[in-house]
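Fold and geometry: a report
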Amino acid sequence: MKLEIKNIQKSFGEKQVLTGISLSAEGGKAFGLLGRNGAGKTTTIRILMDVFPADSGEVFFDGSPIDYNKVQFGYLPEERGLYPKKKILDQLIYFAELKGLSRKAAVASVHYWLERLGMTEYRTKRLDTLSKGNQQKIQLITALAHDPQIVILDEPFSGLDPVNAKLLKDVVKEEIAKGKIVLFSSHQMSYIEEFCDSIAILNQGQIVLSGDLHTIKRNYPRNRLVVHSEQREKIKSVLGSECTVQENGTLMITLQSPDEKQGMMKMLTDKFDIDEIKVFEPSLNDIFVEYAGEQYKEATV
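Residues numbered from 1 in each chain as written. Predicted model: local features only at pLDDT ≥ 70, side-chain atom pairs only at ≥ 80, totals over all residues. Heavy atoms only, no water.

**Topic: unusual backbone geometry**
One non-glycine residue, aspartate 62, lies in the positive phi region at around 55°. Along the chain, the position of aspartate 62 falls in the loop between β4 (56-61) and β5 (64-65). Residue classification places aspartate 62 among the partly exposed residues on the basis of a relative accessible area of 46%. Not every positive phi belongs to a glycine, and glutamate 155 is a case in point at roughly 50°. Here glutamate 155 shows up in the loop between β7 (150-154) and α5 (162-177). A relative accessible area of 9% means that glutamate 155 is categorised as buried. (Helix = DSSP H or I, 4+ residues; strand = E, 2+ residues; numbered from the N terminus. Buried < 20%, exposed > 50% of the residue type's maximum accessible area, 1.4 Å probe, protein only.)

**Some thoughts on the side chain of threonine 142**
By the secondary structure assignment, threonine 142 is in helix α4 (residues 132-144). A polar side-chain atom of threonine 142 sits 2.5 Å from the main-chain carbonyl oxygen of glutamine 139. (Polar contact = N/O pair within 3.5 Å; in protein donor to acceptor, adjacent residues only side chain to side chain.)

**Quick look at the side chain of asparagine 164**
Structurally, asparagine 164 can be placed in helix α5. Of the residues examined, asparagine 164 reaches a relative accessible area of 14% and is grouped as buried.

**Describing the sheet that holds strand β11 (residues 224-228)**
Strand order across the open sheet formed by 4 strands is β12-β13-β11-β14, with antiparallel pairing between neighbours. With one partner strand each, in any of the chains shown, β12 (243-245) and β14 (276-279) form the two edges of the open sheet. With strand direction ignored, the average angle separating the axes of adjacent strands in the sheet is 20°. For β11 and β14, the ladder comprises 4 bridges, and the chain directions are antiparallel. Across the sheet, the residue bridging to valine 226 is lysine 278, located in β14. (Pairing = 2+ DSSP bridges. Axes fitted to C-alpha atoms, helices over the stretch in contact; angles between N-to-C directions.)

**Quick word on a negative patch on the surface**
Among the surface-exposed residues, Glu230, Asp273, Asp275 and Glu276 lie close enough to one another that they form a single negatively charged patch. What makes glutamate 230 exposed here is its relative accessible area of 67%. (Patch = residues over 30% accessible without salt bridge, like charges linked within 9 Å, V, L, I, M, F, W, Y side chains within 5 Å. Areas by Shrake-Rupley, 256 points an atom, 1.4 Å probe, with all protein chains shown as cover. Salt bridge = Lys/Arg side-chain N within 4 Å of Asp/Glu carboxyl O. Lys, Arg positive; Asp, Glu negative; His and termini not counted. Charge placed at Lys NZ, Arg CZ, Asp CG, Glu CD.)

**Some thoughts on the pattern of salt bridges**
All told, the structure shown has 16 salt bridges when counted by the stated rule. The closest approach of N and O atoms between aspartate 90 and lysine 87, which form a salt bridge, is 4.0 Å. The class of aspartate 90 is partly exposed, set by a relative accessible area of 46%. Measuring nitrogen to oxygen at the nearest pair gives 2.6 Å for the salt bridge that ties aspartate 147 to lysine 180. One end of the pair, aspartate 147, is in the loop between α4 and β7; the other, lysine 180, is in the loop between α5 and β8 (181-185), and 33 residues separate them in sequence. The network of salt bridges with common partners includes Asp147, Glu175, Lys178 and Lys180.

Put into structure tokens, the structure is as follows:
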């Protein structure tokens, strides 16, 4: 499966929110849609799901204009969208039927997911009696019970403790393994980095960076080394200004050329007690700040 957005533009009144964005996501892989608040992520998601139309551009599924009568979406919103005073089981079955399942299939699927997420004991409770994390798991069931081809997860780990976060990770990995298209939108970069093969960063309604995350990282200059050592002061005294101490106590060594890294590594390991030495690769958080931060926005105005 392949989902594509081609040259989407959208304005609300005089404010242009999306300015010709294009991206593609494939089945069996996770795609991260990133951006600061107001960058255009939610508008993109709503156009994808046919909540409202784009002013121009088109959404394609497997090479053809998407048919929303045939392609099912599962959506986990950042804000809760269920009925707080209604019994959990009843509304889960109701939403599954709304998505096209028969009554029998809806009941079977809801019971499966309640058990899978450890929520069976809460099935007769009202939603507003549950913790924030458990409400998130119930919301997830509404996104998955009808077995959609495309799953969109907006801040999926919000409010989850480490145990429930691991459970959700396992579920997401299972959905990806089934060949589904999974789109993440989150400010928690560690989760995006863990799951997503490809990313797109939105800034002021434009995609300012997109592609395979591993390739993006590899394309950064490889002329910096990260060193862990108890002898950091001695190392710094030898290397001088090309070596700086980071906040976490590691050393960052900047070389004039990537070609120097093997020689530098050998010199350091020969002369000092080195615990770890590696080529610096920016984290996704570093990349996000670079492309979505204030400095970049000012440079493109």
